[in-house]
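Topology and contacts: notes
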Amino acid sequence: MRTMVIPRLHTVGEPHAELLAALHQRSFEERWTTGTIRDLLRGPGAFAVVATVLTDQPAGFVMARAVAGEAEILSLGVLPKHRRCGIGRWLMSTAITVAGDRGARAMFLEVAEGNILAQALYFSMGFTIVGRRANYYPDRGAGRETALVMKRDISI
Ligand SMILES: CC(C)(COP(=O)(O)OP(=O)(O)OC[C@H]1O[C@@H](n2cnc3c(N)ncnc32)[C@H](O)[C@@H]1OP(=O)(O)O)[C@@H](O)C(=O)NCCC(=O)NCCS
């Protein structure tokens, strides 16, 4: 049986770029360097949230930005051993709340066409598919994968 957890959620910034890079690497096959993450966090409207569980162990993260009334999820990941406990949903809810507080009225994200689990999370949170970007992701041996563009409104 799955055990749902209520994580602690921490807004973090550039000083936490190394932690975010480590969490990203353990959540995805693809590696984003600390420098890449620092550059993203320096961009306009960018923010990041880390979820911790138990004795403050980092379990997942979300990076997003909210600019000129629109928000975008830059990356979302939960460490394999903490998945299916509700942490991804908490992180997404928090990103939507922060973006709404910063004036965003809509949130967008991109997800690989084959990433059915993440899509299930996004559909369940009210996102719908509004576009497709063919050959969007880097080729890791199986061809370049299509990205789906998803959107949901953020109500006031
Ligand atoms: C996608 C991801 C962030 C989900 O995080 P999570 O903490 O496991 O998600 P949650 O426990 O909050 O689950 C939320 C919903 O996602 C869907 N979901 C997540 N994992 C699932 C699984 N293994 N099987 C079926 N549905 C799943 C379900 O709809 C679930 O809702 P439910 O528990 O009420 O059925 C996590 O699997 C992950 O980090 N994956 C690798 C990185 C990635 O793909 N990031 C997204 C890139 S766009």
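Scroll up to find the structure.
The following refers to the structure shown. (Residues numbered from 1 in each chain as written. Predicted model: local features only at pLDDT ≥ 70, side-chain atom pairs only at ≥ 80, totals over all residues. Heavy atoms only, no water.)

Running from amino to carboxyl end, helix H3 (residues 87–101) crosses helix H4 (residues 116–124) at an angle of 50°, the nearest separation of the two axes being 11 Å. As judged from the angle between their axes, H3 and H4 are oblique. Seen along the crossing, H3 lies across H4 with a hand that is right-handed. Across the interface between the two elements, Gly88, Arg89 and Met92 from H3 touch Leu121, Tyr122 and Ser124 from H4. The class makeup of the residues in the contact of H3 with H4 is 3 nonpolar, 2 polar and 1 charged. (Axes fitted to C-alpha atoms, helices over the stretch in contact; angles between N-to-C directions. Helix = DSSP H or I, 4+ residues; strand = E, 2+ residues; numbered from the N terminus. Parallel < 35°, antiparallel > 145°, perpendicular 65-115°, else oblique. Left-handed = near helix turned anticlockwise from the far one by under 90°. Contact = heavy atoms within 4.5 Å. Nonpolar A, V, L, I, M, F, W, Y, C, P; charged D, E, K, R; others polar.)

Near the ligand lie 21 residues; those nearest to it are Arg2, Val78, Arg84, Gly88 and Asn115. Taking Gly86, its main chain carries an N or O atom lying 2.8 Å from an oxygen atom of the ligand. Here an oxygen atom of the ligand sits 2.7 Å away from a polar atom, N or O, in the main chain of Gly88. Considered on its own, the ligand offers 900 Å² of accessible surface; in the complex 79% of this is hidden by protein. Broken down by element, the shell around the ligand gets its largest block of residues, 5 residues, from H4. A class-by-class count of the residues in the shell around the ligand yields 11 nonpolar, 5 polar and 5 charged. (Near = heavy atom within 4 Å. Polar contact = N/O pair within 3.5 Å; in protein donor to acceptor, adjacent residues only side chain to side chain. Areas by Shrake-Rupley, 256 points an atom, 1.4 Å probe, with all protein chains shown as cover.)

Attention now moves to the packing of aromatic side chains. Using the criterion set out here, one finds 2 aromatic pairs in the structure. Both rings, one in Tyr122 and one in Phe127, keep their centres 5.9 Å apart while their planes meet at 65°; by these two values the pair is edge-to-face. For Tyr122, a relative accessible area of 6% corresponds to the buried category. Look at Phe127 and you get buried, because its relative accessible area is 1%. An angle of 90° between the planes, with centres 5.0 Å apart, marks the rings of Tyr136 and Tyr137 as edge-to-face. (Phe/Tyr/Trp six-rings, centres within 6.5 Å; stacked < 30°, edge-to-face > 60°. Buried < 20%, exposed > 50% of the residue type's maximum accessible area, 1.4 Å probe, protein only.)

This paragraph deals with the sheet that holds strand S2 (residues 46–53). Strand order across the open sheet formed by 7 strands is S1-S2-S3-S4-S5-S7-S6, with mixed pairing between neighbours. Strand pairing shows two members of the sheet lacking a second neighbour, strand S1 (8–12) and strand S6 (128–133), which therefore form its edges. Sheet twist, expressed as the mean angle between neighbouring strand axes with direction ignored, is 25°. Note that strand S4 (residues 70–78) and strand S5 (residues 106–112) share 3 bridges and pair parallel. Following the sheet pairing, Glu70 is matched in S5 by Ala106. Its contacts with the sheet put helix H1 (residues 17–27) on S1, S2, strand S3 (57–67) and S4, and the angle it makes with S3 is roughly 105°. This element, H4, spans S4, S5, S6 and strand S7 (147–153) of the sheet and lies at about 160° to S5. (Pairing = 2+ DSSP bridges.)

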